[in-house]
Amino acid sequence: MKNIFLLIFFAGILTACNSTSSKNGSNNSSEKLQETELAQEVIDETLRSWKSYKKYAWGHDVLSPLSKSHSDWYEKPLYISPIDAYSTLYVMGLTQEAKEIEQYVIDSLDFNIDIDAKIFEVNIRILGGLLSMYDLSGNKLILDKAQDFADRMMPAFDSPTGIPYYWVNLKTGEVKGNQVNVAEAASYTFEMGILSYYTQDTKYYQAGKKATLAIFERRSEIGLIGDIINVETGEWVSTQSHICAGVDSYYEYLYKSFLLFGDQELGEIWDGSITVINKFLAEDYDNKLWYGRADMYTGELESSVVTLYDAFFPAILAISGDIDRAKEFQKTWDWLWNKYNLEPMIYDYKNETPNWPVYDLNPEIIESAYYLSKITGEDTYHKMNEQYWSDIKEFCRTDVAFTSIEDVQTMEKKDYMPTFFFAETLKYLYLTFSNQETYKFDEYMFNTEAHPFMKSNFDRNKTAQYLGFEK
Ligand code: DMJ
């Protein structure tokens, strides 16, 4: 017994000597408690996958784990996997690996490249990833990179409605693509607000908020929005209202931006939106809570086709205080997961068919189980993530990393490990299982790609001024 105490004592001294504080005062991994076996397993698997990325795909966007090669999103790589992986490696205490990415970003990453980038995707992954890298490291050079990147995104917002075009050329600022879905139209207030705060330049948040207001102002008389819009005319191209893929992060950012910055206007839009979502889209079918698709003008439900992205919603319901619905909806997704032992990308709950049976290592159900586990303290949600992790290991694990699944009915593998597997899936699993005190649930807020930001970094007495909204 005495020996154990001595060991703990010396380990304590060692960790205290090793520790360095980041800009936010968040602690280095060496101060954390002994990890649980499961958390350690997630760390080991993350490190294994990261080493494979480095071996087979370094300098490129994505690892192809079956062919042990790589692919890029565009003609030239944007280094998306490492930027997405950084905050997960950091949070897990893999600080050397994280530092290596930070250094590469500073030394070698140049965004002055002649490629058309998808504005939504690069906002959540690259801008969000770089801002979080700055938040965690305190390295001002990273903030400069983030600002440089955002400045290259800004021409996209110069449309007649303020809703960004789909593509922007990072070198020339040329834009194209005048039809976007709602998520692509209006999921910018979070990253752009953070950038405005750090640079004290309101223009970023103002551009993001203008796009959000442009969507909200085009709601129907009953308060619902559609899902695809023309950025030049402001006319709805599709008038189907839902919370699924293609809309999801619009709602997520209304609430999270209101919470992080205290912009009441966004809070009011959220309040109005959640009321009509629950009124028109929620339905009880086969003893389960579902959110279907309705016509934005009549509110009539017209489709029971949902996407696995929708499993982000229990987390938002839970943080906004609707624990009952959050639990109920999570139960639905848990049922679907257990039906296939993974989730199909698209599922029709009335026809009981997977319309698109792909599983891309997506995080949403795991993210919501993590939030519910922390908010309710109930073991059910920890157990859910234990189950999901066990299934992912069984069906998606390869000899070098993890890979997506072509069809959850046959478990045929696809040769692709999406960058959000590093950013989100592994992070939420780790945080659910971890004992460590460093990343306290209440102290952080995540962008939609799970890049963490410390809430206390954003002083509520300054947000209105730095972001340019009325108190
Ligand atoms: C992620 O890229 C983001 O979470 C996005 O908002 C939607 N879902 C994917 C992963 O499934």
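Calculation rules
Residues numbered from 1 in each chain as written. Predicted model: local features only at pLDDT ≥ 70, side-chain atom pairs only at ≥ 80, totals over all residues. Heavy atoms only, no water. Salt bridge = Lys/Arg side-chain N within 4 Å of Asp/Glu carboxyl O. Helix = DSSP H or I, 4+ residues; strand = E, 2+ residues; numbered from the N terminus. Buried < 20%, exposed > 50% of the residue type's maximum accessible area, 1.4 Å probe, protein only. Near = heavy atom within 4 Å. Polar contact = N/O pair within 3.5 Å; in protein donor to acceptor, adjacent residues only side chain to side chain. Areas by Shrake-Rupley, 256 points an atom, 1.4 Å probe, with all protein chains shown as cover. Nonpolar A, V, L, I, M, F, W, Y, C, P; charged D, E, K, R; others polar. Core = buried A, V, L, I, M, F, W, Y, C linked by side-chain atoms within 4.5 Å. Contact = heavy atoms within 4.5 Å. pLDDT = per-residue confidence, 0-100. Pairing = 2+ DSSP bridges. Axes fitted to C-alpha atoms, helices over the stretch in contact; angles between N-to-C directions. Parallel < 35°, antiparallel > 145°, perpendicular 65-115°, else oblique. Left-handed = near helix turned anticlockwise from the far one by under 90°.

Draft legend 1. The arrangement of the pattern of salt bridges in detail. With the rule as written, the count across this model stands at 24 salt bridges. Between Asp399 and Lys68 there is a salt bridge, with the nearest N and O atoms lying 2.9 Å from each other. Taken together, the positions of Asp399 in the loop between helix 15 (379-396) and strand 17 (405-407) and Lys68 in the loop between strand 1 (62-64) and strand 2 (69-71) put the pair 331 residues apart, joining distant regions of the chain. Given the relative accessible area of 56%, Asp399 is considered exposed. The class of Lys68 is partly exposed, set by a relative accessible area of 30%. As a salt-bridge pair, Glu449 and Arg125 come within 3.9 Å of each other at their nearest N and O atoms. You can see Glu449 sitting in the loop between strand 19 (444-446) and strand 20 (452-454) and its partner Arg125 sitting in helix 5 (residues 119-137), a full 324 residues away along the chain. Residues Glu449 and Arg125 agree in their burial class; the two are buried. Each of Glu45, Arg48 and Arg397 takes part in one network of salt bridges that share partners.

Draft legend 2. Highlighting the site of the ligand. Near the ligand, the surroundings consist of Ile124, Arg125, Asp248, Tyr309, Asn362, Pro363, Glu364, Phe420, Glu424, Thr448 and Glu449. At 2.9 Å from an oxygen atom of the ligand is found a side-chain nitrogen or oxygen belonging to Asn362. Contact with the protein chains covers 97% of the free accessible surface of the ligand, which is 290 Å². For the shell around the ligand, the secondary structure elements donating two or more residues are helix 5 and helix 16 (419-433). Looking at the shell around the ligand, its residues break down into four nonpolar, two polar and five charged.

Draft legend 3. Expanded view of the nonpolar core. Membership of the largest hydrophobic core comes to 160 residues, with the highest contact counts inside it found for Leu78, Ile215, Phe313, Leu342 and Tyr359. Looking at this core, the element that brings in the most residues is helix 5, giving eleven residues. Once residues lying within four places of it in the same chain are set aside, the contact partners of Phe313 are Ile243, Trp270, Ile274, Ile277, Tyr291, Phe329 and Ser368.

Draft legend 4. Layout of the confidence of the model for the chain. Residues with a pLDDT of 70 or more make up 93% of the chain, whose mean pLDDT is 93. Across the chain, element-level confidence peaks in strand 7 (residues 228-230) with a mean pLDDT of 99 and bottoms out in helix 1 (residues 2-18) with 31. When the criterion is pLDDT under 50, residues 1-30 qualifies, and its contacts beyond four places in sequence or with other chains add up to 27 contacts.

Draft legend 5. Representation of the sheet that holds strand 4 (residues 167-169). Across the sheet, which stays open at both edges, the three strands sit in the order 3-4-5 with antiparallel pairing between neighbours. Sheet topology places strand 3 (116-118) and strand 5 (175-176) at the edges, where each strand pairs with a single neighbour. With three bridges connecting them, strand 3 and strand 4 associate as antiparallel partners. By the bridge assignment, Lys118 is partnered in strand 4 with Trp167. This element, helix 5, spans strand 3 and strand 4 of the sheet and lies at about 70° to strand 3.

Draft legend 6. View of the pairing of strand 10 (residues 282-285). The pairing of strand 10 with strand 11 (residues 288-291) spans four bridges and is antiparallel. The residue bridging Asp284 from the neighbouring strand is Leu289, located in strand 11.

Draft legend 7. Inspection of the packing of helix 9 (residues 203-216) against helix 10 (residues 248-261) at higher detail. The interhelical angle for the contact between helix 9 and helix 10, taken along N-to-C directions, is 130°, at an axis separation of 12 Å. Between helix 9 and helix 10, the interaxial angle falls into the category oblique. Viewed along their axes, helix 9 and helix 10 form a crossing whose handedness is left-handed. Note on element contacts: helix 10 touches helix 9 through Tyr250, Leu254 and Phe261, opposite Tyr205, Thr212, Ile215 and Phe216. Classifying every residue of the contact of helix 9 with helix 10 gives six nonpolar, one polar and no charged.

Draft legend 8. Structural context of the side chain of Arg152. Mapping Arg152 onto the fold places it in helix 6 (residues 140-153). A relative accessible area of 17% places Arg152 in the buried class. Here Asn112 takes part through its side chain, which lies 3.2 Å from a polar atom of the side chain of Arg152. For Arg152, the side chain forms a polar contact with the main-chain oxygen of Leu170, separated by 2.9 Å. Setting aside its immediate chain neighbours within four residues, Arg152 contacts Phe111, Asn112, Val168, Asn169, Leu170 and Lys171.

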